[in-house]
Structures are given as C-alpha cells and as structure tokens.
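Coordinate analysis (summary)
These are the residues of each chain, in order.
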Amino acid sequence: MITQIGRTAISQVVTLGRAALMLFGAIFAAPNFAKSIPLVIRQIYVVGVQSLAIIIVSGLFIGMVLALQGYTILIDYGAENSLGPMVALSLLRELGPVVTALLFAGRAGSALTAEIGLMKATEQITSMEMMAVDPLRRIVAPRFWAGFYSMPLLAFMFSAVGIYGGHLVGVEWLGVDEGSFWSVMQANVDLSADIMNGFIKSVVFAIVVTWIAIFRGYDCIPTSEGISKATTQTVVHSSLAVLGLDFLLTVLMFGE
Amino acid sequence: MTSRKVEFWVGLFIVVGFLAFFTLAFEVANSGSVSSSDTYQLKAKFDNIGGLKVRSPIKVGGVVVGRVSSIDLDKVNYVPVVTLDIYTEYQNIPETSSLSILTAGLLGEQYLGLEPGFVIEGVGYLKDGDFLEDTKSALVLEELIGQFLFSQNDD
C-alpha cells in the first residue's frame, strides 16, 4: 500500500521532469528562422484560425447571457446602468481568458495530442530521429509557439465580441441607455488593472494548455488505446490546470 | 498556392486579434464616441456636479435629448462648466429653461434633467454656445444629512 503511493509519486515526478525537459528542449533549441517561421505560421493557421468560429460564437452568446442575467438582478436595485461594467469586467478579468483556454483545450489541444500521438504510433518521430531531424524542433516547437501566440489573441477577440453581445442584449433589446452603458463601462474599466491582467492570464493559460497537449501526445503509449487515453488526459488535465491557476492568479492580481 | 492561403488567413487572424485588443483598450477602457448625430452645444455652470460624467444623458421628461460632451473647471471662478450636446431636432429651447442634476434610482447614474421654461414676449431661444443660467446642483447625500441634523438642532 505504502509502496504503491511511493511508486505513484515517483512516476508523477518523473513525468513532470520529462515534460519540463521536452519544453526546454523545444523552447531553447537553437532556432533556424528561415525554416521554423513557415512551420509556426502553418500551425497558427491550424490552432488559431480554425478555432476562430467557436471562439466568436461562444463569446457572443456568453456576452448576451451575461447581459440578460445581470439585467434581471440589477433592475431590482435600479442599477441597470452598471450593466456595462459588469459585462466588461467579468469578460475581461475572468471569462475571456478562462473560457477561451477551456475551448482551446477542447478544440486545439486535443487535436495536437492526437496528431503527435499518431505520429509516434506510426513511428514518424523515430524515423525523423533516424534522418537526424530533431523532432523537438521540427514538431514540438512550432506547435508550442503557435499556441503561445494564438491564445491571447483569441482571448481578446472573445472579450470584444462578448462585450458587443452584451451591448446587443442590454442596449438594443432591454433598453439600457447606450451612453450610460459605455460611459460607466469606460469609467470602471482600467487598461493596466483589467485588460493587462486578463492578458497575463491568457498568456499563462496558453503556455500551460499547449504544454500539456503537446507533452501528452509526445509521451503517449503508441497504440490506438494510448492515443485515446492521452487525448482525454489532455482535456481533463488542462481544464483542471486552467481553473486552478485562474484562482491562484486572481488571488494574486485582485486579492486585496 | 495553399501556402499563400494559409499565410493570408494567419495574417488576417493576427490583424483581427490586435484590432480586438485596440477596441478593448480604446472603446472599453478609455473615451471614444459611440453615436454621432447632429448636435449643437449649450453650456451651463454648476456649483457642484456630483457624479456627472462625460456622455451622461440629458433628459426632458425622461426622453434623452442630448449628452454631456465635456466637463471643465472655470479658471476664474473655479466652478464646473458643463458643455451639452443637444440633438439638432430639439431646437427652440427657451432661455428660461432650467437644468438640474438628478439621479436615476437610488444607486443609479446621474443625469441632467432639462425643464423647458415658458415663452413670453421678449424671451428668446437658446442658440449654439449659449449659457443656461438657471441651474440646480447635484444633491450630495452628506450635505443633505448635515442640513437635516442642523435643522434638528434648531428645534
């Protein structure tokens, strides 16, 4: 029983160490810009551009729901003019980075894991090593940087579209005064405190989600069962990591 | 060919991402204009504007007829000067009109209530750049309580 706990703990630490080694290998591998930039662009297309539809649609609907729910509460206190800052602050501080990270883990992270896992199962990675091509530089690094660049941009789009959705429901439908909606929002939203902290959050989530996705694929058992398990683990682990880190970052940023 | 398509979409993605950032930075966090219909400007001096903000609405009987365009401090008398943008469809506001700072609900935003005055012989209409003379300042809760306590002591 105690041996079992010890064995699990040791294997967890070893996994973490392998993951860290892979990440450092990918980030600090001597870059060859002429070769690596087209690879990164290709991956930004797969990871970022193809996630646009889900991000924009979810952003719009989340903004609209926030405005509708907020309005029914705020109208009781005659404070429906505070709808603008409520929608903007909850999107910029929390929902923008967090929901983008969760959707990104489901939409792009799982795809990354399955792709790299299948490469490993079909021994493409081994053959690359045989041809003296470093798979860390050729496969892992471009995917990591693509996720790193795409997710903050996606989070900004999510927040912007969500605020527009809030405007649609709050101003156009429920009749909150347009000037109050925007002027109270502008009076309450701060560039460094709200937008920049949201940006820092989304950068942290980008690193964590992409790292977990790539490592799960790179480290999977090269069978069809192993790939399916690795894909599940990617979504579960990155969602939990995002929610846990979000609490930690919120305490650090808005704690006192 | 496919590579150029990919490059185009990635470029568009990055541009839209930065556009979203600048929208958030300038529209949501700072000032920017939202609606732009034709307006003319009136000015008014107050003793105390309370929580009035730029772009607060100006209402006549609850109907929005304009917005606050700027709030400055008179350099000589040190009283706030509020500039109002009134929509051009609401011309002919009499010179005798009065302007007061009101609050929407108990906790709501402050807005300007415009009370149109009477029109008799010799009373003209306000034109672009004119000052509204009859203004009532914002009610500051602390001052109200202070006055209330003071009047209690008199009894």
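Source: prediction; values computed, not measured. (Residues numbered from 1 in each chain as written. Chains lettered and ligands numbered in written order. Predicted model: local features only at pLDDT ≥ 70, side-chain atom pairs only at ≥ 80, totals over all residues. Heavy atoms only, no water.)

Looking only at helices and strands, chain B features two helices and eight strands. Its helices and strands in sequence order give chain B the pattern α-β-β-β-β-β-β-β-β-α, from N to C terminus. Across the 155 residues that make up chain B, the buried fraction comes to 34%. Considering only intrachain contacts with a sequence separation of at least 6, the fraction spanning at least 24 residues in chain B is 60%. (Helix = DSSP H or I, 4+ residues; strand = E, 2+ residues; numbered from the N terminus. Buried < 20%, exposed > 50% of the residue type's maximum accessible area, 1.4 Å probe, protein only. Contact = heavy atoms within 4.5 Å.)

When the parts of a complex come together, some accessible area is lost, and that lost area is often taken as the interface size. At the junction of the two partners, chain A supplies 34 residues and chain B supplies 32 residues. Buried area between chain A and chain B, both sides added, is near 2,800 Å², and the carbon and sulfur share of it is 75%. Per-residue buried area on chain A facing chain B is highest for Tyr45, Leu153 and Gln186 of chain A; these three make up 20% of the total on that side. Linking chain A with chain B are one salt bridge. A salt bridge links Asp177 of chain A to Arg67 of chain B, with the nearest nitrogen and oxygen atoms 3.3 Å apart. (Buried area = accessible area lost by both parts, 1.4 Å probe. Salt bridge = Lys/Arg side-chain N within 4 Å of Asp/Glu carboxyl O.)

Enumeration over the complete set of coordinates arrives at 11 aromatic pairs over all chains. With 5.7 Å between their ring centres and 5 degrees between their planes, Phe156 of chain A and Phe199 of chain A make a pair best called stacked. Taken together, the positions of Phe156 of chain A in helix α6 (residues 135-173) and Phe199 of chain A in helix α8 (residues 191-218) put the pair 43 residues apart, joining distant regions of the chain. Geometrically, the ring pair formed by Phe181 of chain A and Trp182 of chain A is edge-to-face, given 5.6 Å between the ring centres and 75 degrees between the ring planes. Connected via pairs of aromatic rings, a cluster forms that spans Phe144, Trp145, Phe148 and Tyr149 of chain A. Over the face of the ring belonging to Phe131 of chain B we find Lys45 of chain B, whose NZ or CZ atom lies 5.6 Å from the ring centre. Note that Lys59 of chain B overlies the ring of Tyr111 of chain B, its terminal NZ or CZ placed 4.5 Å from the centroid. (Phe/Tyr/Trp six-rings, centres within 6.5 Å; stacked < 30°, edge-to-face > 60°. Lys NZ or Arg CZ within 6 Å of the ring centre and 35° of its normal.)

Helix length check: helix α3 (residues 52-74) of chain A, at 23 residues, gives a terminal C-alpha distance of 32 Å against a target of 33 Å (1.5 Å per residue), a fit within 8%. Those residues of α3 of chain A not exposed but buried are Leu52, Ile55, Ser58, Gly59, Gly63, Met64, Leu66, Ala67, Gly70, Tyr71 and Leu74 of chain A. (Expected span 1.5 Å × (residues − 1).)

Another aspect to go through is the domain arrangement of chain B. Taken domain by domain, chain B consists of domain 1 (1-30) and domain 2 (39-146). Here the C-alpha centre of domain 2 of chain B lies 42 Å away from the C-alpha centre of domain 1 of chain B. (Domains from an automatic or database assignment.)

For the rest of this paragraph, the subject is the sheet that holds strand β6 (residues 110-115) of chain B. Read from one edge to the other, the open sheet built from eight strands follows the order β7-β1-β4-β3-β2-β6-β5-β8 (chain B), with strand pairing classed as mixed. Each edge of the open sheet is held by one strand with a lone partner, namely β7 (131-132) and β8 (134-136) of chain B. (Pairing = 2+ DSSP bridges.)

Packed helices, taken two at a time, are described by the angle between their axes plus the distance between the axes. Residue and element names in this part refer to chain A. Running from N to C, helix α4 (residues 83-121) and α8 cross one another at 15 degrees; their axes reach a closest spacing of 8 Å. Classified by the interaxial angle, the pair formed by α4 and α8 is roughly parallel. As α4 packs across α8, the resulting crossing turns out to be right-handed. Its residues placed into classes, the contact of α4 with α8 shows 15 nonpolar, seven polar and six charged. (Axes fitted to C-alpha atoms, helices over the stretch in contact; angles between N-to-C directions. Parallel < 35°, antiparallel > 145°, perpendicular 65-115°, else oblique. Left-handed = near helix turned anticlockwise from the far one by under 90°. Nonpolar A, V, L, I, M, F, W, Y, C, P; charged D, E, K, R; others polar.)

Here we take up the pattern of salt bridges. Residues and elements named next belong to chain A. Inspection of the entire model under this criterion finds seven salt bridges over all chains. With a shortest N-O distance of 2.9 Å, Asp219 and Arg18 are connected by a salt bridge. Of this pair, Asp219 sits in the loop between α8 and α9 (224-254) while Arg18 sits in helix α1 (residues 2-28), and the two are 201 residues apart along the sequence. Take Asp219: its relative accessible area is 23%, and that puts it in the partly exposed class. What makes Arg18 partly exposed here is its relative accessible area of 38%. Between Glu94 and Lys201 there is a salt bridge; the shortest N-O distance is 2.8 Å. Here Lys201 lies in helix α8 and Glu94 lies in helix α4, a separation of 107 residues in the sequence. In this structure Lys201 comes out as buried when scored by relative accessible area, which is 0%. Each of Glu94, Lys201 and Asp246 takes part in a single network of salt bridges with overlapping partners.

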